[in-house]
Structures are given as structure tokens and as C-alpha cells.
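Chain residues, written in single-letter form:
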Amino acid sequence: MSAPAADLATTLRTLPNVDHRARIDRLRSLLPPAGVDALLITHLTNVRHLTGFTGSAGLLVVTTDGVVFVTDGRYDAQAAQQVGGADIGARIEITSTEQRRIVADAVGGTGTVGLEAEHVSWAAQRRYAEDWFPGRELVPTSGLVEELRLVKDDAELARMGAAAAVADAALASVRHRLLEGPTEAEFGLELDTAMRRLGASRPSFETIVASGPNGALPHARPSDRRIGEGDLVVLDFGAVVDGYCSDMTRTLMVGEPTEVQARMLAVVTEAQAAGVAAVAAGVAASEVDAACRGVIAAAGWADAFTHGTGHGVGLDIHEAPRVAGSSDATLDAGQVVTVEPGVYLPEHGGVRVEDSLVVTTDGNRPLTLTPKLTAP
Ligand code: ZN
Ligand code: ZN
């Protein structure tokens, strides 16, 4: 194992503990303003954030003085280990047939019951109203746990930093292979395999390897197109470490760029740097978008930058805040956002450059540390 890989392995083995209790306490403080006496959390990503539970089925009830977690027999031992180990004072119930009764008991006999409106289907809402909580006032809540997830704590930043380091190391280990004429799919597989080998539990989304004309499609899927001389290759990928995603894009030129391709690389790199320079606590997300867009528009390619500038990252690859002209978000210290402008010209290919940044009071700190390479 090389020295950086050994360092990375140590980092992954020694991630700081998560303070789930602080998260539950903060959530409790949000319930009264939301008009909620008990909150039923059904969205598994939110359940995970609050309890550490990583299984595929689980319900969480949080009231002013209690926490009840319900899952089925498949997750008996796992719930004891994860939710029991989270030190949130949760009562853990394992049952398939009695979930409705246990949850109804957990929310208590009076008061309002909050549901996660963004994550509850119409059919589920009717079931809760008619069968689970008849006669009770149900309150549609929006973004309560997401609000907690917006600003990352130290344990989250450590995981996201490790995920970004895995992706950095993976690219460094395979980028030379682009010169050997792989197909997009083959190179994508190598990148994914390298991330797994370095400690990722999985890629944070389907890796994008988009070469030549495919690069002009911002979300192209890796094809059997063979990468060769004259291709710009857009690589957009990330690793997951303990649930947390990284996200990075680099565009590499195979062979000599044409005049237009060289200009695309220079303009997008400059636009991305302008966006990064704008990121700081208290700044409107739309200003970051404007900073990127200004550079690209000045180069005459305003119409070739066809997507928003960035997004929040965390347990989900895309989460709040949005970084776009239409976003009304203001950046806050501890948020993690991407800055990823691009220019897409079908005859020449695509260029996108993306970093994930931790917002700080006086600016930002990049999590993705791969230099702005332009060649494999
Ligand atoms: Zn990306
Ligand atoms: Zn992204």
C-alpha cells in the first residue's frame, strides 16, 4: 500500500463519532414552532441522520420526551447495534404486525402528529389519517430534519472529506488509462473499482464519463464509445463514505486541444474559480451562480451553460441549498456546496469543472483537492 493510501485507510478507520443526541435535541426544538407535538419520521435518509440506522425499513417517532424506533425482524441485531449505540435513549421495537399500534402509542393520546410531507405518498397519508391516527390532527411538515442536515457538523465534514479524498486518490490512480483508448464504460468501471478499493462503500451516483460529442450532454451515461485523440473527457463522480457523498468533476483533454477546446477549458476553469471565490457565509447562492455565469457570458457562451451552478451535498448527492440564479438561499458556515459551471458545444465537446466546498465565515475550504488538471 502506498503512503497516501495508508493515510487514507487510517482516516477511514478513525472517523470521529456522531453526536446523534444533539441532533434529536435540535429536532425537538423545531417541533413547537412547526405546531407539532409528535413527529413521525419515515424518510430513511432522515431516520439515518437521527439514529445511525442504515437498514431499508424503519420508522422513528420523536416527541418532546421520547424516541421510539420501529423496524422488523430482519433488523433486530442491526437496530440494537446502530440505534442502541446512538445513545439517544430510544425504545426499540421489533415487529412486522404491530407497527401501527406501537407508533400510535408512541405519539401519545393527544396533540398533533407531524408527517414528512415531502416524503409521504398520497396513499400513505390517507392510511395514516384513517387507520393509524384516526381522529387526530395531522400536520404536514416540510424540511424539519433537512434543516438539521443543512449545516454539517464535524463528524459529517470528516466523512465528506474522507469521501472526497477517496475520489481524489481514485482519479490519480487511473487517469493515465485514458491515454490507452478505453471505452467510456471501461474507464468508468476502473474509476468505480478504484474508489471501492480505496474504501468507498459505493459511488455516490452513476459515474459520468462523457467524451467527445457525448461530453456536450451534461448528464451523459458512460457508453461503449472509445476515448481517443482530440477528445475532451468530462469525469463527474464521487465516493460514499459512511453514507456521505463526495462530488467532483474534472475535464481532461486527450491529445492536443483545438483552439476552441483550449478556450473552453480556460473559460470554464476561470468561471469555476470566480464561483469558488464568491462562496462565503452570508452570500446569496444566486451571487455564486452570477459569478460563474458572468465569466462564461463574457466569453460569448452564455447559452452553452445550460444548468445551475451547484447544489448542497451530504447524505444525498443533491440536497439543499441550490446554487442557481433562481435560488433564494443564503449560504451559511458549515454548509457544503458544489460549484460546477460548464460549457457544452456539440461540435467540440463539453467542459465542466466542479469542486465541493465547505462554506466558512470568511470564505470556503475545498473538500475535493485534485488539481485543475487538463490532461491525463
Ligand atoms: Zn458532480
Ligand atoms: Zn454536482
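Residues numbered from 1 in each chain as written. Chains lettered and ligands numbered in written order. Predicted model: local features only at pLDDT ≥ 70, side-chain atom pairs only at ≥ 80, totals over all residues. Heavy atoms only, no water.

### Some words on the coordination of the zinc ion (ligand 2)
At the metal site, the zinc ion (ligand 2) is ligated by Asp247 (OD), His311 (NE2), Glu340 (OE) and Glu354 (OE), and these contacts range over 2.1 to 2.2 Å. Around the zinc ion (ligand 2), the four donor atoms are arranged such that angles at the metal cover 77 to 150 degrees; this shape is classified as irregular. All donors of the zinc ion (ligand 2) come from a single chain, and their spacing in sequence reads D-x63-H-x28-E-x13-E. (Donors = N, O, S within 2.8 Å, 3.2 Å for Na, K, Ca; no water. Tetrahedral: all angles 85-135°; square planar, octahedral: opposite > 155°, others 65-115°.)

### A word on the coordination of the zinc ion (ligand 1)
A four-donor tetrahedral metal ideally has 109.5 degree angles, and a six-donor octahedral metal ideally has angles of 90 or 180 degrees. The zinc ion (ligand 1) binds to the protein through Asp236 (OD), Asp236 (OD), Asp247 (OD) and Glu354 (OE); the donor distances cover 2.0 to 2.8 Å. Viewed at the metal, the four donor atoms of the zinc ion (ligand 1) are separated by angles of 52 to 154 degrees, and the geometry they form is irregular. Between consecutive donor residues of the zinc ion (ligand 1), the sequence gaps follow D-x10-D-x106-E. A gap of 3.0 Å separates the zinc ion (ligand 1) and the zinc ion (ligand 2), which Asp247 links by coordinating each metal. On the criterion of sequence distance, the pair formed by Asp236 in strand β9 (residues 231–237) and Glu354 in the loop between β17 (349–352) and β18 (355–360) is long-range, its members being 118 residues apart. Side by side, Asp236 and Glu354 carry an identical accessibility label, which is buried. (Helix = DSSP H or I, 4+ residues; strand = E, 2+ residues; numbered from the N terminus. Buried < 20%, exposed > 50% of the residue type's maximum accessible area, 1.4 Å probe, protein only.)

### What about the packing of aromatic side chains?
Inspection of every chain in the model, using the stated rule, returns five aromatic pairs. Each ring, one from Phe53 and one from Tyr75, has its centre 5.4 Å from the other, and the planes form 90 degrees; the classification is edge-to-face. Here Phe53 is found in the loop between α3 (44–51) and β2 (59–63), whereas its partner Tyr75 is found in the loop between β3 (67–71) and α4 (76–85), with 22 residues between them in sequence. Pair check on accessibility: Phe53 and Tyr75 agree, each one buried. The ring of Trp301 carries Arg263 above its face, with NZ or CZ at 4.5 Å from the centroid. For Arg293, the ring lying beneath its charged end belongs to Phe305, and the centroid distance is 4.0 Å. (Phe/Tyr/Trp six-rings, centres within 6.5 Å; stacked < 30°, edge-to-face > 60°. Lys NZ or Arg CZ within 6 Å of the ring centre and 35° of its normal.)

### Looking at the domain arrangement of the chain
Split into domains, the chain comes out as domain 1 (20–149) and domain 2 (154–366). For domain 1 versus domain 2, the separation of C-alpha centres amounts to 35 Å. Taken together, the contact between domain 1 and domain 2 spans five residues of the former and seven residues of the latter. In total, domain 1 and domain 2 occlude about 540 Å² of area from one another, counting both sides; carbon and sulfur atoms represent 35% of this. The largest share of the area that domain 1 buries against domain 2 comes from Arg23, Arg48 and Arg149, three residues that together contribute 71% of it. (Domains from an automatic or database assignment. Contact = heavy atoms within 4.5 Å. Buried area = accessible area lost by both parts, 1.4 Å probe.)

### A word on the environment of Arg136
If you trace the backbone, Arg136 turns up in the loop between α6 (122–132) and β6 (138–141). Along the primary structure Arg136 and Arg126 are separated by ten residues, whereas in three dimensions their C-alpha atoms are 13 Å apart. Contacts of Arg136, omitting those with residues within four sequence positions, involve Val107, Gly108, Gly109, Thr110, Gly111 and Val113. Polar side-chain contacts of Arg136 include one of 3.0 Å to the backbone oxygen of Gly111. (Polar contact = N/O pair within 3.5 Å; in protein donor to acceptor, adjacent residues only side chain to side chain.)

### Digging into the sheet that holds strand β11 (residues 244–245)
Strand order in the open sheet made by the three strands is β7-β10-β11, with antiparallel pairing throughout. Looking along the sheet, the strands with just one partner apiece sit at the ends: β7 (202–203) and β11. Across two bridges, the pairing between strand β10 (residues 239–241) and β11 is antiparallel. Looking at the pairing, Val240 lines up with Cys245 of β11. The strands touched by helix α8 (residues 154–174) within the sheet are β10 and β11, with β10 carrying the most contacts at an inclination of about 145 degrees. (Pairing = 2+ DSSP bridges. Axes fitted to C-alpha atoms, helices over the stretch in contact; angles between N-to-C directions.)

### Quick notes on the sheet that holds strand β12 (residues 248–254)
The strand order across the open sheet built from three strands is β8-β9-β12, with neighbouring strands paired in antiparallel fashion. Of all the strands in the sheet, the pair left with one neighbour each is β8 (208–211) and β12. Geometrically, the sheet is characterised by an average inter-axis angle of 15 degrees between neighbouring strands, direction not taken into account. Its contacts with the sheet place helix α9 (residues 184–197) against β8 and β9, and it is angled at close to 150 degrees to β8.

### Examining α3
Within α3, six of the eight residues are buried, which leaves it mostly tucked inside the rest of the structure. Burial in α3 covers these residues: Thr45, Asn46, Val47, His49, Leu50 and Thr51. Two residues or fewer after α3 comes Gly52, characterised by a positive phi angle close to 85 degrees.

### Digging into the packing of helix α2 (residues 20–30) against α3
To describe two helices that pack against each other, one gives the angle between their axes and the distance between the axes. As a packed pair, α2 and α3 sit with axes 7 Å apart at the nearest point and diverge in direction by 120 degrees. On α3, the residues that touch His20, Arg23, Ile24 and Leu27 of α2 are Arg48, His49, Leu50 and Thr51. Of the residues belonging to the contact of α2 with α3, the class tally is three nonpolar, three polar and two charged. (Nonpolar A, V, L, I, M, F, W, Y, C, P; charged D, E, K, R; others polar.)

### Observations regarding the side chain of Thr251
Inspection of the secondary structure puts Thr251 in strand β12. Relative accessible area serves as the criterion here: at 2%, Thr251 is assigned to the buried category. Of the polar contacts made by the side chain of Thr251, one reaches the backbone oxygen of Arg352; its length is 2.6 Å.

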